[in-house]
Amino acid sequence: MKVVSTDKAPAAVGPYSQAIVDGGVVYASGQIPMDPATGEMKTDVSEAARQSLTNLKNLLEAAGSDLENVIKVTIFITDMDKFGELNEVYGEFFSDHRPARSCVEVSALPKDAVLEIEAIARVN
């Protein structure tokens, strides 16, 4: 197993790794919509989705992968009524390549984030 860490995604807020690579697969921990450079948390769902997906993209690249190699995405959102806004931004990141996906409404997320996105991907 290889632990992956990058300053282009928020640091882990607990006893876990940003990502793990094992057997040619990267398991990316959930990415909240925090700007890793400023610590600013995005609260608008569209901006939050864009930031979380950018964080995920950066983390995958640090692990030797990219969005085109994503197999499965899991999204946690605190307000399913905002799903349309989330989905529109998601489509900007995953247009031709469409990995398997789940989206689950939850009551709360770390740091009061409005959403969190995790993924499993092949390593290039």
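First, a word on scope: everything that follows refers to the structure included in this document.

Conventions adopted
- Residues numbered from 1 in each chain as written.
- Predicted model: local features only at pLDDT ≥ 70, side-chain atom pairs only at ≥ 80, totals over all residues.
- Heavy atoms only, no water.
- Core = buried A, V, L, I, M, F, W, Y, C linked by side-chain atoms within 4.5 Å.
- Buried < 20%, exposed > 50% of the residue type's maximum accessible area, 1.4 Å probe, protein only.
- Helix = DSSP H or I, 4+ residues; strand = E, 2+ residues; numbered from the N terminus.
- Contact = heavy atoms within 4.5 Å.
- Pairing = 2+ DSSP bridges.
- Axes fitted to C-alpha atoms, helices over the stretch in contact; angles between N-to-C directions.
- Phe/Tyr/Trp six-rings, centres within 6.5 Å; stacked < 30°, edge-to-face > 60°.
- Lys NZ or Arg CZ within 6 Å of the ring centre and 35° of its normal.
- Arc of directions from axis to C-beta.
- Left-handed = near helix turned anticlockwise from the far one by under 90°.
- Nonpolar A, V, L, I, M, F, W, Y, C, P; charged D, E, K, R; others polar.
- Polar contact = N/O pair within 3.5 Å; in protein donor to acceptor, adjacent residues only side chain to side chain.
- Patch = residues over 30% accessible without salt bridge, like charges linked within 9 Å, V, L, I, M, F, W, Y side chains within 5 Å.
- Areas by Shrake-Rupley, 256 points an atom, 1.4 Å probe, with all protein chains shown as cover.
- Salt bridge = Lys/Arg side-chain N within 4 Å of Asp/Glu carboxyl O.

Formed by 29 residues in total, the largest nonpolar core has its most connected members in Leu53, Leu60, Val70, Val73, Phe94 and Leu115. Only β2 (19–22), β3 (25–31), α1 (45–62), β4 (70–77), α2 (83–93) and β6 (115–122) provide two or more residues apiece to this core. Residue contributions to this core peak at seven residues, all from α1. Leaving out residues up to four positions away in the same chain, Phe94 has contacts with Leu53, Leu67, Val70, Val73 and Pro99.

Strand pairing in a sheet is mediated by backbone hydrogen bonds. Such pairs are either parallel or antiparallel. Across the sheet, which stays open at both edges, the six strands sit in the order β1-β2-β3-β6-β4-β5 with mixed pairing between neighbours. A single partner strand is all that each edge strand has here, and the edge strands are β1 (2–4) and β5 (100–105). The mean inter-strand angle of the sheet, taken between neighbouring strand axes irrespective of direction, is 15°. Here six bridges tie β4 to β5, and the two strands are oriented parallel to one another. Paired with Thr74 across the bridge in β5 is Ser102. Contacting β1, β2, β3, β4 and β6, α1 runs over the sheet at an angle of about 30° to β6.

Let us look at the packing of aromatic side chains. Across all of its chains, the model carries one aromatic pair by this definition. Over the aromatic face of Tyr90 sits the side chain of Arg101, whose NZ or CZ is 4.5 Å from the ring centroid.

What follows concerns α2. Turning to α2, its buried residues are Leu86, Val89, Tyr90 and Phe93. An end-on view of α2 places all buried positions within 105° of arc, on one side of the element. Check the buried side of α2 and you find it contacts α1, β4, β5 and β6.

Further remarks concern the packing of α1 against α2. Running from N to C, α1 and α2 cross one another at 35°; their axes reach a closest spacing of 8 Å. Classified by chirality, the crossing of α2 by α1 is right-handed. Where α1 abuts α2, its residues Val45, Ser46, Ala49, Arg50, Leu53 and Thr54 lie against Glu85, Leu86, Val89, Tyr90, Glu92 and Phe93. Residue composition of the contact of α1 with α2, by class: seven nonpolar, two polar and three charged.

With that settled, consider the side chain of Ser29. Inspection of the secondary structure assignment puts Ser29 in strand β3. Only 2.6 Å separates the side chain of Ser29 from the backbone oxygen of Ser17, close enough to count as a polar contact. Residues contacting Ser29, with those up to four places away along its chain left out, are Tyr16, Ser17, Gln18, Ala19, Leu59, Ile117 and Glu118.

With that out of the way, let us pick up a nonpolar patch on the surface. Side chains of Tyr27, Ile71 and Ile120 sit close together on the surface and give an oily, nonpolar patch of about 250 Å² of accessible area. The partly exposed category is assigned to Tyr27, whose relative accessible area is 41%.

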